[in-house]
Amino acid sequence: MDNIIIILPIIFPFILAILMATIKFNEVKRNIFVSIGVILNLIFLITIFYMFGEISIHLIKLNEFLDIYLKIDKLSIMFSLLVAILWIFTTFYAMEYMKHEGKEKRFFTFFLATLGVTIGIAFAGNLITLYAFYEFLTLTTFPLVIHTDSKEALKSGKKYLIYSFIGATFVLLGMILLFSITKDITFNAHGILPALTKENRSLYLLSYVSMFLGFGVKAAIVPFHSWLPAAMVAPTPVSALLHAVAVVKSGIFAIIRMSYFIFGAKIIKELHVNIFLSILIVISILLGSFLALHQENLKKRLAYSTISQLGYVLLGVVLLNEDAFVGSLLHLINHALIKIVLFFCVGAIMYTTGKTDISQIRGIGKQMPITMGCFGIAAISLIGIPPTNGFVSKWYLAQGGLTSGEMIFPAILLFSALLTALYLLPVITEAFFKKGEHTIVKEAPMKMLIPIVMITIIVVLLGLFPNILITFIQQIASEVI
Amino acid sequence: MEGLMNNYYETGSIILFGIGFAILLLHNNLIKKIIGMNIMDTAVFLFFIAKGYVSGKDAPIIIGAHKGVQGYINPVPSALMLTGIVVAVSTTAFALALTVRIYEGYGSIELDEIIKMRSD
Amino acid sequence: MSIIQSFPLVIILVLLITAFMMPLIKNTKIIKGISLVSMTSVMILALINLDFVHKNGEYLYRIGHFNAPYGIEFRIGIIEAMMGLLFTFVALMIIWYSIYSIEKEIKQSKIGLYYLLVNILIGSLLGVVYSNDLFNCFVFIEVGTLASCGTIIVKDKKENIKATLKYLIMSCLGSGLVLMGIAYLYSMTGHLNINYIHAELVKCYLIYPNAVLISIVLFIIGLGVKSAMFPLHNWLPDAHSSAPSSSSAILSSLVLKAFVLLLIKILYGVFGMDILNHFSVLNIVLILGSLGMIMGSVFAIFQKNIKRVIAYSTVAQMGYIFLGIGLGTNLGVSIAIFHIIGHAVTKSALFLLAGAMIEQTGHKSLAQLKGIGREMPLTLGLFSIGALSMIGIPVLPGFISKWHLSLASIAAGDTILIVVILLSSLLNAVYYSPIVINGFFGEENLQGKVYKSKSKPLKELMPVIFLVISMIYVGIASRGIINLISLGLM
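Residues numbered from 1 in each chain as written. Chains lettered and ligands numbered in written order. Predicted model: local features only at pLDDT ≥ 70, side-chain atom pairs only at ≥ 80, totals over all residues.

**Let's talk about the overall build of chain A**
Rules: Only DSSP runs of H or I reaching four residues or more are called helices, and only runs of E reaching two or more are called strands; each is numbered from the N terminus. We compute the radius of gyration from the C-alpha atoms alone; for a globule the expected value is 2.2 Å times N to the 0.38, where N is the number of residues. Once C-beta atoms have been placed from the backbone, residue pairs whose C-beta atoms lie within 7 Å are recorded as contacts.
When helices and strands are counted, chain A shows 20 helices and 2 strands. The C-alpha radius of gyration of chain A comes to 21 Å, within 12% of the 23 Å expected for a compact globule of 481 residues. Dimensions of chain A, computed from C-alpha atoms along their principal axes, come out at roughly 70 × 55 × 45 Å. Partitioning the intrachain contacts of chain A with sequence separation of at least 6 by distance along the chain shows that 81% fall at a separation of at least 24.

Pasting the structure below:
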């Protein structure tokens, strides 16, 4: 029972959320409460990693299958640190932004609860724990999505719920099929399944595809992607959170866990299913970029961009070689950072001017130089130009594509990079190189600006000095492939 | 066919059961439904009691000397069916009381007319 | 022969005797007190009995010291004891809730009558569960039918009368079929005691295959009508939605269950696995159960009245139980019984909460109950927990039933059923979520609603809180409960 400390980063945000819901705070006290809470959570995480290393604990064993098992391994460390750090930045941004949106109490309650659930997903040691926390994630993010309570928000929220529950049903189907073969669904680096034979081939295939599609709903694979642009009706901190950190990356994290730690790279190769899935993923990449070109609304443009970028990450997963896997994990982190910056900038524009569309932001670069400058740097990174971190991850992905032998993958990466430039650069040109109205607009407030700038600096730093991260990820990859 | 003819009690009871069942389901008038229910129940009683009959033996009433178990028909089904008849009577009484209340409330005891008057 | 062994008989006697005392007393407070005290004491007796059976194994209890097969016998195994505890516990919670709410639904003069009917109903249901003699079961079935019709009609509205009549007629149909089935069995074996019939039947079923088949079908249809097997469920939505809330709760969570338990006892106790496999009639039950699961939820989606939604949801949940029975394996039956337990606590809580909402706002339709989350937060919160169990969130009993049913389907070789089970739980989400979402969220829904304006005081909601806690407990302790059930089925 010594390892009980592992549940601290999960339970602590929940306790904070309950306190948030029941105690009356005024604005200042609330801000201090939340910010100290998330910072403390990060400190807990780092302390546990340093002092205990890779520990695990069977929390409750209700049944032979209903076994809540938490385990820390390198992948969990990576994901939970990413989550915790970005949560802190989002907290500071949200403290300022939500002044315009209201209902902060409800927002921060579910904000904190989602943090706990996401770390639970990171620490999940077997498939059933992952599934349980996955369902909770839908439940805790739903009130965030419909925050404004408008008719449109309710509609988008319903869509979100429907897609999520259908995805969860697919996952459950795959899990039950899997459970009939092996009673133990704990994650293990090389997969836990007995070898592929003629009899269980269709069972494995059905189970894998079912779970891939099920988790893929949250990871916004085409054709299950339409909840994501609809969810843009939420306030910007929520969009940044959903699209950079919590929901979509959890979906991808779950797919990685399921593919490499349950099935194992070898079995997937033998199933030949990665060929079919890669077609779906390529469609996601291209369709996402195409649709992004047509969006006037800035947030929707970024949403479709996310769909495309998530395709990159998934492509690295199904290519099944080490370079691609490294590229995929790198891009998971990098895209999170980049997309948060992009969303924060767009949110800053909405906060100071109320403008949402690309046609409305002419000349705003002159008046909000820092904001748009950071947007520019992040955009460059997403396109994949050195010396930014986006370039590093795309490089690895391209390497992985070459290693797999199919020339088409690097070609698609290149083509998509072109499309990315096509939909991001107009924002910068409209902002900086066109003459705008002469109304005076102030730069974004400090609480919003500082996170933007800091993450942008990280983006550049990771581009210049990526090695620490790469070494860590290569350790993960070598265990798995 | 021969079996059916020989066991005419059972055959008759099954035919009665079918008739009662059909009346219960198909007729609209509530009183007729209750009558059908009674016919159905009575058919089952007939079946059961007929099962207790042993040809050539007496009714189970001791007159004079006791003839031993071999001398009488099986009294158990008759006893059971007494219970059944009581149950059927009470159910019929309840159903009839309900029919009176429906008549007071809806003004009709034809089921299709009552369904049309769903409102209120 | 320890004294504890006679507890089941004592339970039924206590309930019946206290029932008949009630019309004699004029003071409603005392009536309610007697009802509470009697139900509490029988629950304690059932608990002690369960403990005894758990330690010492099952036993047969002769009534009146007449030996079977001439006398009537009670068979108390682990499952019967568990059901006894379940029924008395849920009934106690429902009666406790009804103490506060019953005045608003029925006339003052009828309250004594109401509690009389409830006690008789629970007594007869327990009789059905405990009895080992088929005709004795039949008598208790009839008593139960009349008592449950009484609990619906005690509220004197027009829709109630119509619903009760439909229920009565369908129930009598079912009883007639069951009696015919008993007649067939008696004519073949000459016994009425379940164990003796089984012993004889095993020897002679090949001689009269048609008669055995007819009697199986008669029992399935007869008891199916009474426990709302699709498509014989037509009476249920009207009856359960127009009755007073505590009656709806008892009907949905207990009455249906006693009859389906009798079906399980007859199918597996009287006939047994070999005969059933010989005739493959279980496939009918399987198909009808699957259809019920899907169609019940589909109908529920289109309902506008909240109680009708919950009533159709009951039809769907009974489909799960029939699926478990129809699989024909020990695991299937264990899960069916586990689902009985889980559903009993969940559905009673849902009906009581819906009753609270209707009582406080005066509205029944879903459209008018929007925004109720702000006015009655605790009520809707408890409702959401119940709804989450129906939808199938892990840890709660609904998920456990679904998971085990899927595993049992795979083990029995019918893998396609998993799709049906998962589809049905998805459909559950479709009609429960709007109630919860429109209650708590949505700006236009919440306009003009004052926080906690219509909340019921905490002491009135205590029984529902206990039911919800016991539901969560059933989910957490599921492994122990399922093991216990499997033990009882040996």
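Moving on from the model shown.
**Description of the overall build of chain B**
The line we're drawing: The exposure label follows from counting other C-beta atoms within 10 Å of a residue's C-beta, where the C-beta atoms are placed from the backbone and the thresholds are 20 or more for buried and 12 or fewer for exposed, leaving partly exposed in between.
Helix and strand counts for chain B come out as 5 helices and 0 strands. Overall, chain B shows an N-to-C arrangement of helices and strands of α-α-α-α-α. Computed over its C-alpha atoms, the radius of gyration of chain B comes to 20 Å, more than 25% above the 14 Å expected for a compact globule of 120 residues. Counting only C-alpha atoms, chain B reaches 65 × 35 × 15 Å along its principal axes. Split into buried and exposed, the 120 residues of chain B put 24% on the buried side. The long-range fraction of contacts in chain B, counting pairs at least 24 apart against all pairs at least 6 apart in sequence, stands at 52%.

**So, the interface of chain C and chain B**
Each partner contributes to the interface: chain C provides 20 residues, whereas chain B provides 24 residues. Secondary-structure elements contributing two or more residues to the side of chain C that touches chain B are α5 (134-153) and α6 (158-189) of chain C. Looking at the side of chain C that touches chain B, the element that brings in the most residues is α6 of chain C, giving 15 residues.

**As for the nonpolar core**
Residues and elements named next belong to chain A. Here is the rule: In this usage, the nonpolar core is the set of buried Ala, Val, Leu, Ile, Met, Phe, Trp, Tyr and Cys residues whose C-beta atoms join them within 7 Å.
Ranked by size, the top nonpolar core spans 394 residues in total, and within it V341 and C345 carry the most contacts. Among the elements that make up this core, the one with the highest residue count is helix α14 (residues 322-353) (19 residues). Excluding residues within four positions of it along the chain, V341 makes contact with C374, A378, I452, I455, T456 and V459.

**Quick word on the interface of chain A and chain C**
Counted only if it meets this: Three classes are used: nonpolar for Ala, Val, Leu, Ile, Met, Phe, Trp, Tyr, Cys and Pro, charged for Asp, Glu, Lys and Arg, and polar for all others, with Gly counted as polar.
With 20 residues of chain A at the interface, the matching set in chain C holds 18 residues. Those elements that place two or more of their residues in the side of chain A that touches chain C are α5 (127-145) and α6 (151-181) of chain A. It is α6 of chain A that provides the largest number of residues to the side of chain A that touches chain C, a total of 11 residues. Residues that form the side of chain A that touches chain C fall into these classes: 13 nonpolar, 4 polar and 3 charged.

**Looking at the pairing of strand β2 (residues 73-76) of chain C**
Residue and element names in this part refer to chain C. Selection criterion: When DSSP finds two or more bridges between two strands, those strands count as paired.
The side-chain alternation of β2 yields two buried faces, one formed by E73 and R75 and the other by F74 and I76. Relative to β2, strand β1 (residues 59-62) runs antiparallel, the two being bridged by 4 bridges. If you follow R62 over to β2, its bridge partner there is E73.

**With respect to the arrangement of the chains**
If you rank the 2 pairs of chains in contact by how many contacts each has, first place goes to chains B and C. Of all C-alpha pairs spanning chain A and chain B, none lies closer than 33 Å, and the two are not in contact.

**Some details on helix α2 (residues 8-26) of chain B**
Residues and elements named next belong to chain B. Let me state the cut-off plainly: A helix is expected to reach a length of 1.5 Å times the quantity of its residues less one. Starting at the helix axis, one direction is taken to each C-beta atom, and the arc is that of these directions.
A rise of 1.5 Å per residue sets the reference length of α2, with its 19 residues, at 27 Å; its end C-alpha atoms lie 27 Å apart and thus fit the reference within 8%. Within α2, burial applies to S13, F17, G20 and L24. The buried residues of α2 occupy an angular sector of 70° when projected down its axis, which confines them to one face. Exposed residues pointing more than 90 degrees away from the buried face of α2 are listed as Y8, I15 and L26.

**Considering unusual backbone geometry**
The peptide bond linking V222 of chain A to P223 of chain A adopts the cis configuration, its omega dihedral lying at 0°. Along the chain, P223 of chain A falls in the loop between α7 (201-218) and α8 (227-230). Geometrically, the link from F230 of chain C to P231 of chain C is a cis peptide bond, its omega value of 0° lying close to zero. The topology assignment puts P231 of chain C in the loop between α8 (209-226) and α9 (235-242). Phi is positive for A220 of chain A, which is not a glycine, with a value near 55°. For A220 of chain A, the location among the structural elements is in the loop between α7 and α8.

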